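Summary of structural features
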Amino acid sequence: MPPTDRPTDEPGPPTTSLYDVLHRRRDVRAEFTGEPIPEEVLRRVLTAAHSAPSVGLSQPWDYVLVRDESTRRSFREHVLAERDTFDAQLSGERAETFSRIKVEGIMESTLCVAVTYDPQRGAPEVLGRHAIADAGLYSVCLAIQNLWLAATAENLGVGWVSFYREEFLQQLLNIPATVRPVAWLCLGPVHELAEAPDLERHGWRSRTPLEERVHHDSYGRGGDR
Ligand SMILES: Cc1cc2nc3c(=O)[nH]c(=O)nc-3n(C[C@H](O)[C@H](O)[C@H](O)COP(=O)(O)O)c2cc1C
């Protein structure tokens, strides 16, 4: 039910400012509590995802809610094997740092959500996609970001897991061959949202100052030039 249809006696979403939510949002792996998510909260979070902008109003996304423990366990085993594949490419300090980094909270989270992209949705006349095929994929990512921010506003954590092969996930969840899995999201209540990204805390990589990413009139031209 969209928030505007909510009966007045039902508690609404926490009233947090957009900027507060943007800056509190974190990718979560270790902080999930596993507590249940109230149905109305889940509905609000999915409604937020579903109200994202999409190229040609194609709304090319779907959400597979994965609660089943054995499905999650199978996926986790696959993810850990892919973690090993990545690990095998590292050496020295990178390997040592990576060994301390947890890349998923699949079993600890309350619910997992696989988000998919169907390029056939609204095709062939998808308005705005004729020159940029990826515009459909961008739309799905916007839905994911809406979900992530709404979950943060609800004091839930989200963890995006991308250590998987798309074909594996298609088979595991019976996703048709023409539909592309875009994300596996772990979702649920958390002990806390960390102040800094995990990768920064573990010394893998640091955030860059905005000034380094803003260009003036031409790519590569900073503000002081
Ligand atoms: C497309 C995408 C894929 C990601 N895949 C993973 C992943 O497989 N495992 C993981 O631990 N974090 C993953 N992340 C989370 C990023 O590491 C995280 O967003 C980044 O370090 C910044 O931290 P923050 O989200 O807490 O600000 C992913 C994020 C994105 C946007």
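Residues numbered from 1 in each chain as written. Predicted model: local features only at pLDDT ≥ 70, side-chain atom pairs only at ≥ 80, totals over all residues. Heavy atoms only, no water.

On to the packing of aromatic side chains. By the definition in use, this model includes eight aromatic pairs. Arranged with centres 6.1 Å apart and planes meeting at 85°, the rings of F86 and F163 form a pair that is edge-to-face. Placement of F86 in helix α3 (residues 69–87) and of F163 in the loop between β3 (156–161) and α6 (166–172) is noted, with a sequence separation of 77 residues between them. Among the residues examined, F86 registers a relative accessible area of 27% and is labelled partly exposed. Geometrically, the ring pair formed by F98 and W204 is tilted, given 5.9 Å between the ring centres and 55° between the ring planes. Here the residue F98 occupies a position in helix α4 (residues 92–98), and W204 occupies one in the segment after α7 (198–201), the gap between them amounting to 106 residues. Each member of the pair, F98 as well as W204, is classed as buried. By way of ring pairs, the aromatic residues F86, F98, F163 and W204 are connected into one cluster. (Phe/Tyr/Trp six-rings, centres within 6.5 Å; stacked < 30°, edge-to-face > 60°. Helix = DSSP H or I, 4+ residues; strand = E, 2+ residues; numbered from the N terminus. Buried < 20%, exposed > 50% of the residue type's maximum accessible area, 1.4 Å probe, protein only.)

We now examine the site of the ligand. Around the ligand, a shell composed of R25, R26, D27, R29, K102, V103, W160, V161, S162, F163, P197 and L199 is seen. Interatomic distance of 2.5 Å between a side-chain N/O atom of R29 and an oxygen atom of the ligand. W160 is positioned such that a nitrogen or oxygen atom in its backbone is 3.2 Å from a nitrogen atom of the ligand. Contact with the protein chains covers 72% of the free accessible surface of the ligand, which is 620 Å². Taken together, the residues that form the shell around the ligand break down as six nonpolar, one polar and five charged. (Near = heavy atom within 4 Å. Polar contact = N/O pair within 3.5 Å; in protein donor to acceptor, adjacent residues only side chain to side chain. Areas by Shrake-Rupley, 256 points an atom, 1.4 Å probe, with all protein chains shown as cover. Nonpolar A, V, L, I, M, F, W, Y, C, P; charged D, E, K, R; others polar.)

Okay, the side chain of E104 next. Among the secondary structure elements, E104 is positioned in the loop between α4 and β2 (111–117). By relative accessible area, E104 is classed as buried at 3%. At 2.8 Å, the side chain of E104 forms a polar contact with the backbone nitrogen of I106. Not counting the four nearest positions on each side in its chain, E104 is found in contact with R29, R76, V79, L80 and V161. (Contact = heavy atoms within 4.5 Å.)

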